[in-house]
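# Fold and contact review
Read off the chains here:
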Amino acid sequence: MPRISDVSTPSIVVDDVHKDFKLRHTHSIKETFVAAVRRKPLTTDFHALDGTSFTIAEGEAVALLGFNGSGKSTMLKLISGVLTPDSGKVLTRGRVAGLIEVGAGFHPDLSGRENIFLNAAILGMSKKEIDARFDDIVAFSEIEKFIDTEVKHYSSGMFLRLAFSVAIHTEVDVLLIDEILSVGDEPFQRKCLARIRELHGAGKTLVVVSHDLNMVSDLCQRGILLRGGKVAFDGDSKEAVAMMRA
């Protein structure tokens, strides 16, 4: 992904981004054959993002809001580099860590211990950095008893604990969070939110996607509301939440 080199520029720049997906209407060879004979379309283009533009400054905490299908998660994946835009530009500055999918980047046949080293390396940490923070990562995750168990035996909550713990112990400049706090018990959610606030207080840039409108309006000062892949509102997070509830 391109990086912003000028230190005076913002943390994230999204410039006229378009991203389309093809939605398949058939799920078997038979359905495809029947549809072709009847001259029905086999796919439909879905415009996930349609000329989306915004800029996020260093140290901002921004909520990406919108109903299902509005383009929020697609936008987050473009910022993280998991996806690339069909046109337009997405630029970031510094190290980006994404809590986008629970357990993403984990190998099911490796233990929690081995996956810490694997996932942290993917996020850009050196072995020396991982060694120095390993005990803190495990302690925060609260799964010490299962750290040498293959992660394919983990529950979704255990995935969350380990994935979140690795990400927040990385030296990140931008932290992306997509609905991941909806998994796990309430005490751990509170612990995660407290850690996120610490990172924001330390000047890290946060981009949060969540359907918990009370949480995002409290955590984020700014809200960007997406509708049909376009920016419908960009301003105070409480105003953005009010528009969602209208």
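Since the structure is predicted, the reported quantities are computational estimates derived from the model, not experimental observations. (Residues numbered from 1 in each chain as written. Predicted model: local features only at pLDDT ≥ 70, side-chain atom pairs only at ≥ 80, totals over all residues. Heavy atoms only, no water.)

Another point: the overall build of the protein chain. Within the protein chain, the regular secondary structure consists of 8 helices and 9 strands. Per-residue burial for the protein chain yields a buried fraction of 44% across its 246 residues. Long-range pairs, those at least 24 residues apart, make up 70% of the contacts in the protein chain between residues at least 6 apart in sequence. Accessible surface for the protein chain amounts to roughly 12,300 Å². Of this, 53% is attributable to carbon and sulfur atoms. (Helix = DSSP H or I, 4+ residues; strand = E, 2+ residues; numbered from the N terminus. Buried < 20%, exposed > 50% of the residue type's maximum accessible area, 1.4 Å probe, protein only. Contact = heavy atoms within 4.5 Å. Areas by Shrake-Rupley, 256 points an atom, 1.4 Å probe, with all protein chains shown as cover.)

The 6 strands lie next to each other as E5-E6-E7-E3-E8-E9, forming an open sheet whose pairing is mixed. Sheet topology places strand E5 (96–99) and strand E9 (230–236) at the edges, where each strand pairs with a single neighbour. In this sheet, adjacent strand axes meet at a mean angle of 15 degrees when their direction is disregarded. With 6 bridges joining them, strand E8 (residues 222–227) and E9 adopt antiparallel strand pairing. Counted as the bridge partner of Arg 222 is Asp 236 from E9. (Pairing = 2+ DSSP bridges. Axes fitted to C-alpha atoms, helices over the stretch in contact; angles between N-to-C directions.)

Inspection of every chain in the model, using the stated rule, returns 14 salt bridges. In this structure, Glu 58 engages Arg 93 in a salt bridge whose closest nitrogen and oxygen atoms are separated by 2.2 Å. Pair noted here: Glu 58 is in the loop between strand E2 (43–56) and strand E3 (61–65) and Arg 93 is in the loop between strand E4 (87–92) and E5, with a separation of 35 residues, a long-range link. You can call Glu 58 partly exposed: its relative accessible area is 49%. (Salt bridge = Lys/Arg side-chain N within 4 Å of Asp/Glu carboxyl O.)

A separate point is the packing of aromatic side chains. Tallying each qualifying case throughout the model produces 5 aromatic pairs. Seen in terms of ring centroids, Phe 117 and Phe 134 are 5.7 Å apart; in terms of plane orientation they differ by 25 degrees. Their pairing is stacked. In this pair, Phe 117 sits in helix H3 (residues 112–122) while Phe 134 sits in helix H4 (residues 127–141), placing the two residues 17 residues apart along the sequence. An angle of 65 degrees between the planes, with centres 6.2 Å apart, marks the rings of Tyr 154 and Phe 159 as edge-to-face. (Phe/Tyr/Trp six-rings, centres within 6.5 Å; stacked < 30°, edge-to-face > 60°.)

Unusually for a residue other than glycine, Asp 16 sits at a positive phi of about 50 degrees. Position of Asp 16 among the secondary structure elements: in strand E1 (residues 12–24). Unlike most non-glycine residues, Glu 142 shows phi in positive territory, near 60 degrees. Along the chain, Glu 142 falls in the loop between H4 and helix H5 (156–168).

Turning our attention to the nonpolar core. If you look at the biggest cluster of nonpolar residues, it comprises 48 residues, and the most contacted ones within it are Leu 65, Ile 116, Phe 164, Leu 175, Val 208 and Val 216. Among the elements that make up this core, the one with the highest residue count is H5 (9 residues). When sequence neighbours within four positions are dropped, the list of residues in contact with Val 216 reads Ala 63, Leu 65, Val 208, Ser 210, Ser 237 and Val 241. With 21 residues, the next largest nonpolar core counts Ile 12, Phe 54, Ile 100 and Val 207 among its residues. (Core = buried A, V, L, I, M, F, W, Y, C linked by side-chain atoms within 4.5 Å.)

What follows concerns helix H2 (residues 72–80). Taken together, the buried positions of H2 are occupied by Lys 72, Thr 74, Met 75, Leu 76, Leu 78 and Ile 79. Residue Gly 81 follows H2 closely and has a positive phi angle near 95 degrees.

Before going further, it helps to spend a moment on the environment of Ser 210. Within the element layout of this structure, Ser 210 appears in the loop between strand E7 (205–209) and helix H7 (213–219). Judged by relative accessible area, Ser 210 falls into the buried class, the value being 9%. Linking Ser 210 and Ser 73, residues 137 residues apart in sequence, is a C-alpha distance of 9.8 Å. A distance of 3.0 Å separates a polar side-chain atom of Ser 210 from the backbone nitrogen of Asp 212. (Polar contact = N/O pair within 3.5 Å; in protein donor to acceptor, adjacent residues only side chain to side chain.)

On to empty space enclosed by the protein, then. On inspection of all chains with the given rule, the structure shows 1 cavity of 30 Å³ or more. Within this model, the largest cavity holds a volume of roughly 30 Å³. Together, Leu 64, Leu 65, Gly 66, Lys 72, Ser 210, His 211, Leu 213 and Met 244 line the largest cavity. Within the lining of the largest cavity, the residues separate by chemical class into 4 nonpolar, 3 polar and 1 charged. (1 Å grid on protein atoms, 1.4 Å probe; cavity = no way out; pocket = protein on both sides within 12 Å on 5 of 7 lines; lining within 4 Å. Points joined across faces, edges and corners; volume = space filled by probe spheres on them. Nonpolar A, V, L, I, M, F, W, Y, C, P; charged D, E, K, R; others polar.)

These values are about where atoms sit, not about what they do.
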